[in-house]
Structure formats: C-alpha cells, structure tokens
Protein chains: 2
Amino acid sequence: MSASVIMYDLIVTRWQPDSRGRLERSALELYSERGFENTTVAEIAERAGLTERTFFRYFADKPEVLFSGGEHLEEIFSTAVRSAPEGLSPFDAAQAGLDAVAELLEQRRDFAVLRSSIIATNQELRERELIKLQSLAAALAQALRSRGAKEPSATLTGEIAIAVFKIAFERWVEPTTEEALNKIVREIFQEMRVLSNQG
Amino acid sequence: MSASVIMYDLIVTRWQPDSRGRLERSALELYSERGFENTTVAEIAERAGLTERTFFRYFADKPEVLFSGGEHLEEIFSTAVRSAPEGLSPFDAAQAGLDAVAELLEQRRDFAVLRSSIIATNQELRERELIKLQSLAAALAQALRSRGAKEPSATLTGEIAIAVFKIAFERWVEPTTEEALNKIVREIFQEMRVLSNQG
C-alpha cells in the first residue's frame, strides 16, 4: 500500500462522509443486477467512487454488506424485550420486541425487499441468514430469562417468535403486500395460537 | 490408485460387509477422543481397518459421517406425516411424524448422544445441523400441504414442530435424562400450547 493510496483514501473518506452507505447501495445494486457471485469488491468500490481498501474498512467480505445490520437489529430487539412492561407473558414480551424490529425494518422497506431477493438466489447467503435468525432466537431467549422466564419457556418462545417473524417477513417482502410488517406479525401469531389449540 | 490397492479394497469390503458401520463408529470415536478438527480421514480408515478410498465411497467428507443419516430420517418423518389418520390437525399430524422419528432415534440413543456432543464442539457442524433441521421443517410443511393444509398453517406448523423437537432432543441427550424422547416431545408440545394461550 503506497502512501499516495492511503492519502487518496483518507481524503475521499473525509470528503464523502457516507462511504458506508454508498458502498452498501452500490453492492446491493450490483448483486441485484449481476448476481451476488458475479460481483467483485473492486466493482462495488468503483461504483461507489471509493477504493477496495475503503470497502474492507467497513465490511469483512461481500456477504457482510448484507448482514452487518444484524447486530444493531438484535440490540434493538433485546432492548425492547427487556424494557417491555413487567408482567407480560413471554409471548407478549416477544411481541413487543418484534414490534420494535418491525418499526426499524418498515423505515427501510426498499432495502429489506432488495436484500431479501438477493439472499434468496444464493445458498451460502440463505444459510448465513438462517444462522443469524438462530442467533436472534437465542438473544430473545436470553432477554426473556432476564425477565424471569424459566426453561423451556424462554427457549421455546425464542424459537417460535422467530419462526413467526420469519414467515411474516417473507409475506411482507412480497411485491403485492401492502400491509405493515407489525400487522402481519400479529396475524401470524394469532394463526399460531389457533393452530396450537386444534386437535 | 494402483491395481493392488483396488484389489485390497475390494477384498476387504467383500470380507467385511459392514464397512459403513465400522467407518461410522471409528469416526465418532476419534471425533470424540481427539476432536473433530484433529481427526483425519486416514486415521478413521485406519481404525476401521479400511482404506481412505473406502471411506470416500461412503462419505463425501468428515462431516458427512455425522449427517448421512439425515435423509433416511427425513423420509421416515415425511412418510409418517403423510400416512397419519385423515382429519388430524396439522400439529397432531406433525406429532405423528415426530413419534416415528423418536422411535428411530430411541434405538440409537448412544449414537445420538455421542453425535450430539461432537456437533456441540464445532461451529461448522452446529451450522450444518441447523441447516438440516431447516430442511426437516420444509419437508414437514410439504407433507402437511399434501394432506390439505393451507399456508401459513403448513409452514408455521413445520417451523414450530421442529423447534419443539430441537428443544426436546437437547433435553433427551442430557446424561441425566431417563425419559423417552417421544414423551419429552409431548411435554414440550404441551408447554408450547400453554405458552401460546397466555397473555
């Protein structure tokens, strides 16, 4: 790495404060236009008017662009569950957490829809998404235990709430869907209650 | 590969019809003794008294020894759901499938416990297990649709039943557990019903 490249990088970064956002947008556009596999980091950086070095300052690799928001989302989720009113049942506390997540995602619907369509095309990405969702279920169980939930209730609620969320999310990103995500989440929760009382 | 190696391999295979089972046992012993990462295919073959070539006839790689039974299990599961009495609710049909899976696993408890303890030690293996469980949830949803279940009931039941099974399985493999797996599955299902009616 020559000094001039480092200088160029510092200057560009200083002059363009939203490098991260531009890299994210360029990456999603390219993944969508050419396919995730056929896009290189060099191309993402070029479209964003930045260097590869800047890309790697923000993202460890190509998939990371799609998953780096996950930690923030998990944080929002856990905080909402922990601070939900005392005395709520585990499912209702989970619901409060999902409301907070839905609110966040609703503000970025275009991003969420595009991201979801890219993930659907690639097995490695689908697997990584599955692992992230599992981590979300574990975080939820942890937050519920901190509210006094016992086992297996905490883990069970964590798993079921994430299953409900996953199904709701898939309906929400369909092009024809107009309903808000938190409304769909409530409907699927209700469907789950009906199902579990049958038979 | 020389002709003599191939001949040796054929003879050993012919004389030892259960090569697959011996490779499986040797692999599990070694993964457990030395750790999954520190075991080589050559060592597995050697302990089984077979060649590496024979190993690769049965298994694509080291993890495959732990996951090759998954397809058979999925088959048993789907068949039991499809052939469950007409008129059962989605959850009760799923329960019939889990009973069949539990029966199969109960016959191989030692293997299941050892396998589970190995998987717990390695992130790659835990992720692969998660992906297999997701595939089981999808197979269950498919079997339920073939019985007339609609969406989102089919997918929701698939996800929830596998979550219940996962939690039950983890309790079952604990060294102090004496209860049968199908009994634990029923208890967790019941817990899920109670939870979903709270709040």
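Residues numbered from 1 in each chain as written. Chains lettered and ligands numbered in written order. Predicted model: local features only at pLDDT ≥ 70, side-chain atom pairs only at ≥ 80, totals over all residues. Heavy atoms only, no water.

Things to note about the interface of chain B and chain A
How big an interface is tends to be stated in terms of the accessible area lost upon association of its parts.
Here is step 1: In this complex, chain B contributes 29 residues to the contact, which on the side of chain A involves 29 residues.
Here is step 2: Looking at the side of chain B facing chain A, the largest losses of area belong to B:Leu156, B:Leu195 and B:Ser196, adding up to 21% of the total buried there.
Here is step 3: Counting the contacts that link chain B with chain A gives two salt bridges.
Here is step 4: Its salt-bridge partner being B:Glu159, residue A:Lys166 comes within 3.2 Å of it at the nearest N-O pair.
Here is step 5: Inspection of the region where chain B meets chain A yields 11 residue pairs in polar contact (both at pLDDT 80 or more).
Here is step 6: Of all the secondary structure elements, the ones that give two or more residues to the side of chain B that touches chain A are helix 7 (90-106), helix 9 (123-146), helix 10 (153-172) and helix 11 (181-196) of chain B.
Here is step 7: Sort the elements by how many residues they give to the side of chain B that touches chain A and helix 10 of chain B lands first, with 11 residues.
Here is step 8: Considering only residue class, the side of chain B that touches chain A consists of 13 nonpolar, nine polar and seven charged. (Contact = heavy atoms within 4.5 Å. Buried area = accessible area lost by both parts, 1.4 Å probe. Salt bridge = Lys/Arg side-chain N within 4 Å of Asp/Glu carboxyl O. Polar contact = N/O pair within 3.5 Å; in protein donor to acceptor, adjacent residues only side chain to side chain. Helix = DSSP H or I, 4+ residues; strand = E, 2+ residues; numbered from the N terminus. Nonpolar A, V, L, I, M, F, W, Y, C, P; charged D, E, K, R; others polar.)

Looking at the relation of the copies chain B and chain A
Here is step 1: Superposition record for chain B on chain A: RMSD 0.0 Å, screw rotation 180 degrees, translation along axis 0.0 Å. Given the turn and translation reported, the copies of this chain are related as if by a two-fold rotation axis. Relative to the rotation axis, the C-alpha of B:Ile160 is the closest in chain B, positioned 3.0 Å from it.
Here is step 2: A shared interface surface links the copies, since 100% of the contact residues of chain B are contact residues in chain A too. (Least-squares fit on C-alpha atoms with pLDDT ≥ 70 in both.)

Details of the packing of aromatic side chains
Here is step 1: Across all of its chains, the model carries 14 aromatic pairs over all chains by this definition.
Here is step 2: The ring of A:Phe111 carries A:Arg108 above its face, with NZ or CZ at 4.1 Å from the centroid.
Here is step 3: For the cation-ring pair, B:Arg115 lies above B:Phe67, with the distance from its terminal atom to the ring centre recorded as 5.1 Å. (Phe/Tyr/Trp six-rings, centres within 6.5 Å; stacked < 30°, edge-to-face > 60°. Lys NZ or Arg CZ within 6 Å of the ring centre and 35° of its normal.)

A closer look at the pattern of salt bridges
All names here are of chain A.
Here is step 1: Considering all chains together, one arrives at 30 salt bridges over all chains under this definition.
Here is step 2: Ionic pairing is found between Asp61 and Arg128, a salt bridge with its closest N-O pair at 3.9 Å. Here Asp61, found in the loop between helix 4 (52-58) and helix 5 (64-67), pairs with Arg128, found in helix 9 (residues 123-146); they are 67 residues apart in sequence, far enough to count as distant.
Here is step 3: Judged by relative accessible area, Asp61 falls into the partly exposed class, the value being 28%.
Here is step 4: Residue classification places Arg128 among the partly exposed residues on the basis of a relative accessible area of 24%.
Here is step 5: Residues joined by salt bridges that share partners form a network here, namely Arg171, Glu179, Lys183 and Glu187. (Buried < 20%, exposed > 50% of the residue type's maximum accessible area, 1.4 Å probe, protein only.)

Regarding the packing of helix 2 (residues 19-34) of chain B against helix 3 (residues 41-48) of chain B
All names here are of chain B.
Here is step 1: Helix 3 packs onto helix 2 with a crossing angle of 125 degrees between their chain directions and a minimal axis gap of 8 Å. One finds that helix 2 runs oblique with respect to helix 3. In the packing of helix 2 onto helix 3, the handedness of the crossing is right-handed. The segment helix 2 lies against helix 3, with Arg22, Leu23, Ser26, Ala27, Glu29, Leu30, Tyr31, Glu33 and Arg34 engaging Glu43, Ile44, Ala45, Arg47 and Ala48.
Here is step 2: Among the residues forming the contact of helix 2 with helix 3, the class breakdown is seven nonpolar, one polar and six charged. (Axes fitted to C-alpha atoms, helices over the stretch in contact; angles between N-to-C directions. Parallel < 35°, antiparallel > 145°, perpendicular 65-115°, else oblique. Left-handed = near helix turned anticlockwise from the far one by under 90°.)

Overview of unusual backbone geometry
Generally, phi is negative for residues other than glycine and the peptide bonds are trans, each holding for most cases.
Here is step 1: A:Glu151 connects to A:Pro152 through a cis peptide bond whose omega is 5 degrees.
Here is step 2: Take A:Pro152: it is sitting in the loop between helix 9 and helix 10 (153-172).

Points about the confidence of the model for chain A
Residues and elements named next belong to chain A.
Here is step 1: Overall, the predicted model of chain A reaches an average pLDDT of 90, with 91% of residues at or above 70.
Here is step 2: Helix 3 (residues 41-48) holds the highest mean pLDDT among the elements of chain A, 96, whereas helix 1 (residues 3-15) holds the lowest, 51.
Here is step 3: For this predicted complex, the interface score ipTM comes out at 0.82, while the overall pTM is 0.85. (pLDDT = per-residue confidence, 0-100.)

Some points on empty space enclosed by the protein
Any space left empty among the atoms is revealed by the rolling of a water-sized probe across them.
Here is step 1: Within this structure, the stated rule accounts for one cavity of 30 Å³ or more.
Here is step 2: Of the pockets and cavities examined, the largest cavity occupies roughly 220 Å³.
Here is step 3: Lining the largest cavity we find 16 residues, and of these A:Gln134, A:Glu159, B:Gln134, B:Glu159 and B:Lys166 sit closest to its centre.
Here is step 4: Counting only elements with at least two residues in the lining of the largest cavity, the list comes to helix 9 and helix 10 of chain A together with helix 9 and helix 10 of chain B.
Here is step 5: When the residues that make up the lining of the largest cavity are grouped by side-chain class, the tally is 10 nonpolar, two polar and four charged. (1 Å grid on protein atoms, 1.4 Å probe; cavity = no way out; pocket = protein on both sides within 12 Å on 5 of 7 lines; lining within 4 Å. Points joined across faces, edges and corners; volume = space filled by probe spheres on them.)

Notes on the side chain of A:Thr51
All names here are of chain A.
Here is step 1: Its place among the elements puts Thr51 in the loop between helix 3 and helix 4.
Here is step 2: By relative accessible area, Thr51 is classed as buried at 15%.
Here is step 3: At a separation of 2.9 Å, a polar atom in the side chain of Thr51 contacts the side chain of Thr54.

A short note on helix 10 of chain A
Here is step 1: Helix length check: helix 10 of chain A, at 20 residues, gives a terminal C-alpha distance of 28 Å against a target of 28 Å (1.5 Å per residue), a fit within 8%.
Here is step 2: Within helix 10 of chain A, 17 of the 20 residues are buried, leaving the element largely enclosed by the surrounding structure. (Expected span 1.5 Å × (residues − 1).)

A look at the environment of B:Val81
Residues and elements named next belong to chain B.
Here is step 1: Positionally, Val81 belongs in helix 6 (residues 70-82).
Here is step 2: Residue classification places Val81 among the buried positions, given a relative accessible area of 0%.
Here is step 3: Distance from Val81 to Asn122, taken between C-alpha atoms, is 32 Å for residues 41 residues apart in sequence.
Here is step 4: In this structure, Val81 is in contact with Ala93, Ala94, Gly97, Leu140, Ala143, Leu144 and Arg147, ignoring residues within four places of it in sequence.

Focus: the environment of B:Arg22
All names here are of chain B.
Here is step 1: Mapped onto the elements, Arg22 comes out in helix 2.
Here is step 2: Relative accessible area serves as the criterion here: at 18%, Arg22 is assigned to the buried category.
Here is step 3: Spatially, the C-alpha atom of Arg22 lies 41 Å from that of Leu88, the residues being 66 residues apart in sequence.

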